[in-house]
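# Structural characterization, general
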Amino acid sequence: MELFKVYSLFNITPAKAKGCYVWDDHGTKYLDLYGGHAVISIGHTHPHYVSKITGQLQKIGFYSNSVINPLQEELALKLGDLSGYPDYQLFLCNSGAEANENAIKLASFITGKRKIISFTKGFHGRTSGAVALTDNPGIIAPFNETENAVILPFNDLEATENELKTGEVAGIIIEGIQGIGGINIPDSRFLVNLERLTKQYGCLLILDEIQSGYGRTGKFFAHQYSDIKPDIITMAKGMGNGFPIGGMIINPDIKPRSGMLGTTFGGNHLACAAAIAVLDVLKEEDLVENAAQTGSYLKSRLEEINPGLPVRGKGLMIGIEYPFEIKDLRNKLLFDHHIFTGVSGKKIVRLLPPLVLGKAGADEFLAAYMNIVEDIEIQDQN
Ligand SMILES: Cc1ncc(COP(=O)(O)O)c(C=O)c1O
């Protein structure tokens, strides 16, 4: 049987990994500044993570959501404590898109309204509702086209208020920091005003922290740089450090009803064990603070090396925007220097390393990067 080829692949086969490093099947070592798309939070194969998952697997790996699972409660407690939302309620699922799908549905159930607002360059996933709210016509199938999804200009308060005036809006969804869209940070004033407007017009504010959450930006959630408390916060990626798990946390004023949401696999024993291990390590190793510190060092060095180039982001979620296409630059980093990086569009390099990256790892990247940038400058001058 052939694979259904929807991905463009690098000709590299990772065979093992540890911390911020990945080795391929020939034994070549790579520095991972991509984290498998912002997924690796506590580092590859962290011993506590491996032992929690294997230990759990030897006891019970799965049972359905028709019985008590104390691991879900432990996860909720630890997440509430570390995120600063101890009074919120947790609903568990399996991926980012699924978390957003449930958030959209919940907003619609609660308000009795049918429209959701999202913003240009936003990305919310590939399931029906989430993809309709994603600003990329190339991934929206005719089946997913709906007037219930309203995509408005990023940071445009007036357009948002005009749409809210229709009285049909159930919620507004926005990323803590836009990832795929190019590391775009919403204005703090915009977020504060969104919170005010959602209250005024009787709808919910949903923060998509799937990429920007779980400590990546130097706060547990990126929106915590602003003075807001969203109604719903969605998460996935770093939550399981590679084990598929997603979730949303929900304001205590929103009351559940039996059967309102549901999932077969969401919150299973193995996924909870993985997610608990992640929170243990984030806390024990103070990784949110490490992301803040290493991130600010990396960002300021990048600004020095590239005067005049926009270097955006917070913590270990950094984008560097070039006036030219960066395929060659990334290929040089990957194939000559063995460093994985991410990308947004054709001109933005996106750095999303594991949150355990320290100054030494950052310097390793910077040395290779300076080497390539000099090459590019020489070529430009010729
Ligand atoms: C901000 C954001 N929301 C949602 C998603 C979708 O998550 P998943 O691929 O786990 O469905 C992503 C994935 O990249 C994302 O970056």
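Everything quoted here is computed from the prediction, not taken from an experiment.

Rules behind the numbers
- Just so you know, the residues in each chain are numbered from 1, in the order the chain's sequence is written.
- Only residues with pLDDT of at least 70 get local features here, since the model is predicted, and only at 80 or more are side-chain atom pairs given and counted; chain-wide, interface and lining totals rely on the full set of residues.
- Excluded from the side-chain calculations are hydrogens and water; all other atoms, namely the structure's heavy atoms, are used.
- Neighbouring residues are identified by heavy atoms, a residue being near a molecule or strand if any of them is within 4 Å of it.
- In protein, a polar contact requires one atom able to donate a hydrogen and another able to accept it; more generally it is a pair of N or O atoms within 3.5 Å, and residues adjacent in sequence count only if both atoms are side-chain atoms.
- Exposure was quantified through the Shrake-Rupley algorithm and a 1.4 Å probe, taking into account, for residues, occlusion by the shown protein chains and nothing else.
- Secondary structure elements follow DSSP: runs of H or I no shorter than four residues count as helices, runs of E no shorter than two count as strands, and numbering proceeds from the N terminus.
- When residues are sorted by character, Ala, Val, Leu, Ile, Met, Phe, Trp, Tyr, Cys and Pro go into the nonpolar class, Asp, Glu, Lys and Arg into the charged class, and all the rest, Gly among them, into the polar class.
- Only protein chains enter the accessibility calculation, which uses a 1.4 Å probe. A residue is then buried if its area is under 20% of the maximum for its type, exposed if over 50%, and partly exposed in between.
- Two strands qualify as a pair provided DSSP detects at least 2 bridges between them.
- Side-chain rings of Phe, Tyr and Trp (the six-membered ring for Trp) are treated as a pair once their centres are within 6.5 Å; stacked means planes under 30 degrees apart, edge-to-face means over 60, and tilted covers the remaining angles.
- The criterion for a charge sitting over a ring is simple: Lys NZ or Arg CZ within 6 Å of the ring centre, and within 35 degrees of the ring normal.
- The term nonpolar core refers to a set of buried residues drawn from Ala, Val, Leu, Ile, Met, Phe, Trp, Tyr and Cys, joined through side-chain atoms within 4.5 Å.
- Pairs of residues are marked as contacts when any of their non-hydrogen atoms sit within 4.5 Å.
- How far each domain reaches was decided by an automatic or database domain assignment.
- Once two parts are joined, some of their accessible surface, as seen by a 1.4 Å probe, is lost; buried area is that loss totalled over both.
- Throughout this description, the term salt bridge denotes a Lys or Arg side-chain nitrogen within 4 Å of a carboxyl oxygen of Asp or Glu.

With that settled, consider the site of the ligand. The environment of the ligand is formed by 14 residues, the closest being Gly96, Ala97, Asp208, Gln211 and Lys237. A distance of 2.9 Å separates an oxygen atom of the ligand from a polar atom in the side chain of Gln211. Contact between the ligand and Lys237: an oxygen atom at 2.9 Å from a side-chain N or O atom of the residue. Protein chains bury 82% of the 390 Å² of accessible surface belonging to the ligand in isolation. If one sorts the elements of the shell around the ligand by residue count, helix α4 (residues 96-111) sits on top with three residues. Class assignment for the residues of the shell around the ligand results in four nonpolar, seven polar and three charged.

A separate point is the pairing of strand β15 (residues 348-351). Successive residues of a regular strand alternate their side chains across the two faces of the sheet. Across the two faces of β15 the burial is the same, with Ile348 and Arg350 and Val349 and Leu351 all buried. Bridging between strand β12 (residues 317-321) and β15 involves four bridges; their strand directions are antiparallel. Note that in β15 the partner of Ile318 across the bridge is Leu351. Sheet topology places strand β14 (residues 342-344) next to β15; three bridges connect them, and they run antiparallel. Residue pairing in the sheet places Gly342 in a bridge with Arg350 of β15. Hairpin connection from β14 to β15: three residues lie between these consecutive antiparallel strands, with Gly345 at a positive phi of about 60°.

The next thing to look at is the packing of aromatic side chains. Per the counting criterion, the structure on display carries 10 aromatic pairs. Plain terms: the ring middles of Tyr30 and Phe340 are 5.2 Å apart, the flat faces sit at 40° to each other, and that makes the pair tilted. On the criterion of sequence distance, the pair formed by Tyr30 in strand β3 (residues 29-32) and Phe340 in strand β13 (residues 339-340) is long-range, its members being 310 residues apart. Accessibility assignment for this pair places Tyr30 and Phe340 in one class, buried. On the basis of an interplanar angle of 45° and a centroid distance of 5.4 Å, the ring pair of Tyr322 and Phe324 is categorised as tilted. Overall, the relative accessible area of 5% leaves Tyr322 in the buried class. In textbook terms, an aromatic cluster arises when at least three aromatic residues are bridged by ring pairs, as seen for Tyr85, Tyr88, Tyr214, Phe220 and Phe221. Over the ring of Tyr21 we find Lys29, and its NZ or CZ is 4.3 Å from the ring centre. Sitting over the face of the ring of Tyr225, Lys314 holds its NZ or CZ atom 4.6 Å from the ring centroid.

Attention shifts here to the nonpolar core. Membership of the largest hydrophobic core comes to 74 residues, with the highest contact counts inside it found for Leu298, Leu302 and Phe365. Looking at this core, the element that brings in the most residues is helix α8 (residues 269-284), giving 11 residues. In contact with Phe365, not counting residues within four places along its chain, are Leu31, Leu33, Leu298, Leu302, Leu333, Ile339, Thr341 and Leu351.

In terms of domains, the protein chain is made up of domain 1 (14-34 + 286-381) and domain 2 (47-284). With centres defined by C-alpha atoms, the gap from domain 1 to domain 2 works out at 27 Å. Roughly 1700 Å² is buried in total at the junction of domain 1 and domain 2, and carbon and sulfur atoms are behind 65% of that figure. In terms of surface lost to domain 2, no three residues of domain 1 exceed Val288, Lys314 and Met317, which account for 39% of the buried area on that side. Between the two partners, domain 1 and domain 2, sit zero salt bridges. Linking domain 1 with domain 2 are 11 residue pairs in polar contact (both at pLDDT 80 or more), by the criterion used here. A per-class count over the side of domain 1 that touches domain 2 returns 11 nonpolar, four polar and five charged.

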